[in-house]
Amino acid sequence: MTPELDPDTDLSFTRTLAAPRRLIWECWTDPKHIPHFFVPAPHKVTAVDIDLRAGGRFNTTFDVDGNTMDNKGVYLEVAPFEKLVFTDAYTEGWKPAPEPFMTAILLLADAPDGGTTYTAIARHRTPDTRKAHEDMGFFDGWGTVATQLEAYAKGLMR
């Protein structure tokens with residue numbers, strides 16, 4: 001079930017990916033897969049640390065134009081093959097982050113022809129934070145990630 005969206009604070013899109021839901025789930029939950037799609041190329045994921053459970057860590061390190069960016073977060077909800085919710089508002093052990101940005105909700109459902117209906121939602125604390133994320137390129141960036149995810153998952157199917 002898709003959560004009710006708040007147009008003032010939420011950004012969202014839905015796309016059909018030409019790969020099975022179980023494989024899309026595996027890509028999102030196995031650290032070996034994350035570097036292949038998680039940030040728009042040419043940026044790179046250089047480290048991933050996942051403890052896949054509510055309260056478990058979802059930490060990534062990016063190289064963006066030669067700058068290292070650490071992103072520490074925590075899973076809020078893990079519903080296998082259906083839903084992942086994670087945030088940077090907390091780190092492992094429910095330690096509040098000094099400058100939280102968003103909570104991400106990923107919804108996966110079976111689509112016709114064996115594909116996946118993929119919904120990505122980014123929830124923000126304020127309308128200003130939402131606007132900043134949109135202005136940074138939420139739709140292009142997260143859309144690129146979905147395209148990269150689909151291409152990578154299709155490659156795993158061969």
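Cut-offs applied
- Residues numbered from 1 in each chain as written.
- Predicted model: local features only at pLDDT ≥ 70, side-chain atom pairs only at ≥ 80, totals over all residues.
- Heavy atoms only, no water.
- Helix = DSSP H or I, 4+ residues; strand = E, 2+ residues; numbered from the N terminus.
- Rg over C-alpha atoms; globule rule 2.2 N^0.38 Å.
- Areas by Shrake-Rupley, 256 points an atom, 1.4 Å probe, with all protein chains shown as cover.
- Lys, Arg positive; Asp, Glu negative; His and termini not counted.
- Charge placed at Lys NZ, Arg CZ, Asp CG, Glu CD.
- Pairing = 2+ DSSP bridges.
- Axes fitted to C-alpha atoms, helices over the stretch in contact; angles between N-to-C directions.
- Contact = heavy atoms within 4.5 Å.
- Phe/Tyr/Trp six-rings, centres within 6.5 Å; stacked < 30°, edge-to-face > 60°.
- Buried < 20%, exposed > 50% of the residue type's maximum accessible area, 1.4 Å probe, protein only.
- Lys NZ or Arg CZ within 6 Å of the ring centre and 35° of its normal.

Asks: Just give me the short version of the overall build of the chain, but keep the residues and values in it.
Replies: Looking only at helices and strands, one finds three helices and ten strands in the chain. What you see in the chain, going N to C, is helices and strands ordered as β-α-β-β-β-β-β-β-β-β-β-α-α. The C-alpha atoms of the chain give 15 Å as radius of gyration, which agrees with the globular expectation for 158 residues (15 Å, within 12%). Within the structure as shown, the chain displays about 8,600 Å² of accessible surface, and the carbon and sulfur contribution to it stands at 51%. Here the chain contributes 16 positive and 23 negative side-chain charges, whose respective centroids are spaced 5 Å apart.

Asks: Lay out the sheet that holds strand S2 (residues 44-50) in plain terms, naming residues and giving numbers.
Replies: Strand pairing in a sheet relies on backbone hydrogen bonds. The paired strands run either parallel or antiparallel. One open sheet holds the three strands; their spatial order is S2-S3-S4, and the pairing between them is antiparallel. Every other strand in the sheet has two partners, leaving S2 and strand S4 (67-71) as the edge strands with one partner each. On average, each strand axis in the sheet is tilted by 10° relative to the strand beside it, whichever way the strands run. Summarising the sheet, S2 and strand S3 (residues 58-64) pair through six bridges and their orientation is antiparallel. Residue Val48 lies in a different strand from S3, and its bridge partner there is Thr60.

Asks: Report on the sheet that holds strand S1 (residues 10-17), specifying residues and quantitative values.
Replies: Strand order in the open sheet formed by five strands is S1-S10-S9-S6-S5, and the pairing between neighbours is antiparallel. Pairing within the sheet leaves two strands with one partner each, and these edge strands are S1 and strand S5 (74-79). When strand polarity is set aside, the average angle formed by the axes of neighbouring strands in this sheet is 10°. The sheet strands contacting helix H3 (residues 138-157) are S1, strand S9 (102-110) and strand S10 (116-124), and the helix crosses S1 at an angle near 25°.

Asks: Residue-level account of the packing of aromatic side chains, with values.
Replies: The final tally for this structure, using the stated rule, is 14 aromatic pairs. Taking the centre distance of 5.4 Å and the plane angle of 85° together, the rings of Trp28 and Phe38 count as edge-to-face. Residue Trp28 is located in helix H1 (residues 21-29), and its partner Phe38 is located in the loop between H1 and S2; the two are separated by ten residues in the primary sequence. Across the pair, Phe38 and Trp28 agree in class, each one buried. Considering the side-chain rings of Phe58 and Phe86, the 4.8 Å spacing of their centres and the 70° angle between planes classify their relative orientation as edge-to-face. Of this pair, Phe58 sits in strand S3 while Phe86 sits in strand S6 (residues 83-87), placing them 28 residues apart in sequence. Clustering of aromatic rings is evident, with ring pairs tying together Trp28, Phe37, Phe38, Phe58, Phe62, Tyr75 and Phe86. Lying over the aromatic face of Phe81, Arg22 brings its terminal NZ or CZ to 4.1 Å of the ring centre.

Asks: Outline the pairing of S5, listing residues and values.
Replies: Note that S5 and S6 share five bridges and pair antiparallel. What sits directly across from Glu77, in S6, is Val85. Here S5 hands over to S6 after three residues, with Phe81 in that stretch at a positive phi of 70°.

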